[in-house]
Amino acid sequence: MSRTTATAFLGVFGLLACLLVAWGVTDILSWRGEMARCSARVDIDTSSCWFVGAVGVCALPLLAFTRSERAHAWIFSVFVALFLVLPGLAFMAVKQPAVEAGYTSEKTITYIPPGAFTLVPTAPECRPTARRSGPATDVDGRSQ
Amino acid sequence: MGQDFRSGTCTIQTEHRTVTVHQVLLYVIEVSDAMAEATGVDLVSAASAGIDSAGAVAITRSLGLTGRAYIKNSGGRSYLILKGNPAQRAVLKGTRYLTTNPKVAHIIISPRSLARGAARMTGIAVVAYAALRVVEALLRDGDVRLTALLGTVASDVTKFALAATAGFLAGAVVGSFTTVAAGPLVAAVFIGVLTSFVVDRIDRSFGLTDKLVRTLEKVVDKVEGPFEWLAREIARFERGLIDRAVARSMSLSR
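On a predicted model such as this, the values are computed, not experimentally measured, just so you know.

Caption draft 1: Main features of the sheet that holds strand S3 (residues 116–121) of chain A. Residues and elements named next belong to chain A. Spatial ordering of the open sheet is given by S1-S3-S2, a layout of three strands whose pairing is antiparallel. Each having just a single partner strand, strand S1 (42–45) and strand S2 (103–105) make up the two edges of the open sheet. Pairwise comparison of adjacent strand axes, ignoring direction, gives a mean angle of 35° for this sheet. Of the pairings in the sheet, the one linking S1 to S3 comprises four bridges and is antiparallel in character. Residue pairing for S3: Asp43 is matched across the bridge by Thr118.

Caption draft 2: Layout of the pairing of S3 of chain A. Looking at chain direction, S2 of chain A and S3 of chain A are connected through three bridges and run antiparallel. Its bridge partner being in S3 of chain A, Tyr103 of chain A is matched across the sheet by Pro121 of chain A.

Caption draft 3: Up close: the interface of chain A and chain B. Each partner contributes residues to the interface: chain A has 33 residues there, and chain B has 28 residues. Roughly 2700 Å² is buried in total at the junction of chain A and chain B, and carbon and sulfur atoms are behind 79% of that figure. For chain A, the biggest contributors to the area lost against chain B are Phe13, Glu69 and Phe76 of chain A; these three give 21% of the whole. Taken together, the links from chain A to chain B amount to three salt bridges. For the side of chain A that touches chain B, the elements supplying multiple residues, two or more each, are helix H1 (3–36), helix H2 (47–52) and helix H4 (69–100) of chain A. The leading source of residues in the side of chain A that touches chain B is H1 of chain A, at nine residues.

Caption draft 4: Structural context of the nonpolar core. In this structure, Val57, Leu60, Leu63 and Phe79 of chain A together with Ile191 of chain B are the most contacted members of the largest nonpolar core, which totals 30 residues. At seven residues, helix H6 (residues 183–206) of chain B tops the list of elements feeding residues into this core. In terms of nonpolar packing, the next biggest core, distinct from the first, is built from 17 residues, Ile28, Ile44, Ala98 and Phe117 of chain A among them.

Caption draft 5: Quick peek at the packing of H1 of chain A against H6 of chain B. Relative orientation of the contacting elements H1 of chain A and H6 of chain B amounts to 50°, with a least axis distance of 13 Å. On the basis of their axis angle, the class for H1 of chain A and H6 of chain B is oblique. With respect to the hand of their crossing, H1 of chain A and H6 of chain B are arranged in left-handed fashion. For the pair H1 of chain A and H6 of chain B, contact is made by Phe13, Leu20, Trp23 and Asp27 of chain A and by Ile191, Leu194, Val198, Arg201 and Ile202 of chain B, respectively. For the contact of H1 of chain A with H6 of chain B, the class distribution of residues is seven nonpolar, no polar and two charged.

Parameters and conventions
- The residue numbering used here restarts from 1 in each chain and proceeds along that chain's sequence as written.
- A letter from A marks each chain and a number from 1 marks each ligand, given out in the order of writing.
- Predicted model: local features are reported for residues with pLDDT of at least 70 only, side-chain atom pairs are reported and counted for 80 or more only, and whole-chain, interface and lining totals are derived from all residues.
- Note: side-chain values were computed over all heavy atoms of the structure, leaving out hydrogens and water.
- In this description, strands pair whenever DSSP reports at least two bridges between them.
- Secondary structure elements are defined from DSSP: runs of H or I of at least 4 residues count as helices, runs of E of at least 2 residues count as strands, and each element is numbered from the N terminus.
- To obtain each axis, a line is fitted to C-alpha atoms, and for helices this fit is confined to the stretch in contact; angles are then taken between N-to-C directions over 0 to 180 degrees.
- By the convention used here, residues are in contact when the closest approach between their heavy atoms is within 4.5 Å.
- When two parts are put together, the accessible area they lose, computed with a 1.4 Å probe and summed over both, is reported as buried area.
- For salt bridges, the criterion is a side-chain nitrogen of Lys or Arg within 4 Å of an Asp or Glu carboxyl oxygen.
- Remark: nonpolar core denotes a set of buried residues (Ala, Val, Leu, Ile, Met, Phe, Trp, Tyr, Cys) joined through side-chain atoms within 4.5 Å.
- Three exposure classes are used, based on accessible area relative to the maximum for each residue type with a 1.4 Å probe and protein chains only: buried under 20%, partly exposed in between, and exposed over 50%.
- When an angle is under 35 degrees it counts as roughly parallel; over 145 it counts as roughly antiparallel; between 65 and 115 it counts as roughly perpendicular; any other value is oblique.
- Here is the rule for handedness: rotate from the far helix to the near one, and if that takes an anticlockwise turn smaller than a right angle the crossing is left-handed, while a clockwise turn gives right-handed.
- Ten residue types, Ala, Val, Leu, Ile, Met, Phe, Trp, Tyr, Cys and Pro, are classed as nonpolar, four, Asp, Glu, Lys and Arg, as charged, and the remainder, Gly among them, as polar.

In short, shape yes, function no, at least from these values alone.
This is the structure we're talking about:
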């Protein structure tokens, strides 16, 4: 594969990875927002936590900027570290406010394997983790 | 030991117990399902990732963790040039080997070999997924028209092929930029896994497999429709003939 073609592919990989990270971060922020507003039901998918780990792939285009083998080794190390650590942190960023606000799921929420879960508040009163940005709603979606 | 395999009876018999082949297949399906539930990776994907990881481990053991290698053509022959501290390398203490040398054959990763590997794994996945799903469908015995079976197998294989292609591309692209030996395989494994998560998520979010199964059912309905009409018409014609014959015989007997 020629260097130009490889650079193009690397750019595409980096761009797709950035979009993936944006998808994951948007999802996580949206779920946290819903939990903070005490929504009656929050649908989450923990694959978004893994999408955050794609930050490592965003770093791969850096390979094209240097021929230093030591730098390449560092880039790979950072790639692997980010891919393994960030999904765990992202998962905590979802699970922690859910637990604090008293949300529970029928199935145990896991990010290995990633899956879709529905969270409902079971505590008598929803305890938002952040400042409420909107009115709380009951199961039917009516304002309380 | 008293072990005995009786062909034709689908039974594996030992001193202590007898196991039928369909029990073995059930165990395999249960193991695959349990793995998928516990880790998100089923038996076929785990086998694929395991083979790739074994390759990465073999390279790391041969070249050391920070081992670097590249291929240089000189005098019409191609050589694998090894860089880095030879003390970190378990086997390959030298710095230059012919690429045809059996000692180094397993660590030369070209785009062609990556593509061959991805194609081979996809082929294995097609057979394995098809076998697992067919046995599952046969034992469940609820999918008479086999549309769910076809849809699920097609979806599984497509998802696997997409992940394998992404992994191959990542490996090939990274391999053309770096001489860090384990780099292409690491990129292939991680990007392959990430791609499988993405396609699974897209499938879950948009219900693509269910839509495929429903489409297949509609197609089968359309194909079956004329035949069902023909069968009904033939049955009506037969009934008419029988009624007429009975009526004629009754009138003759009077």
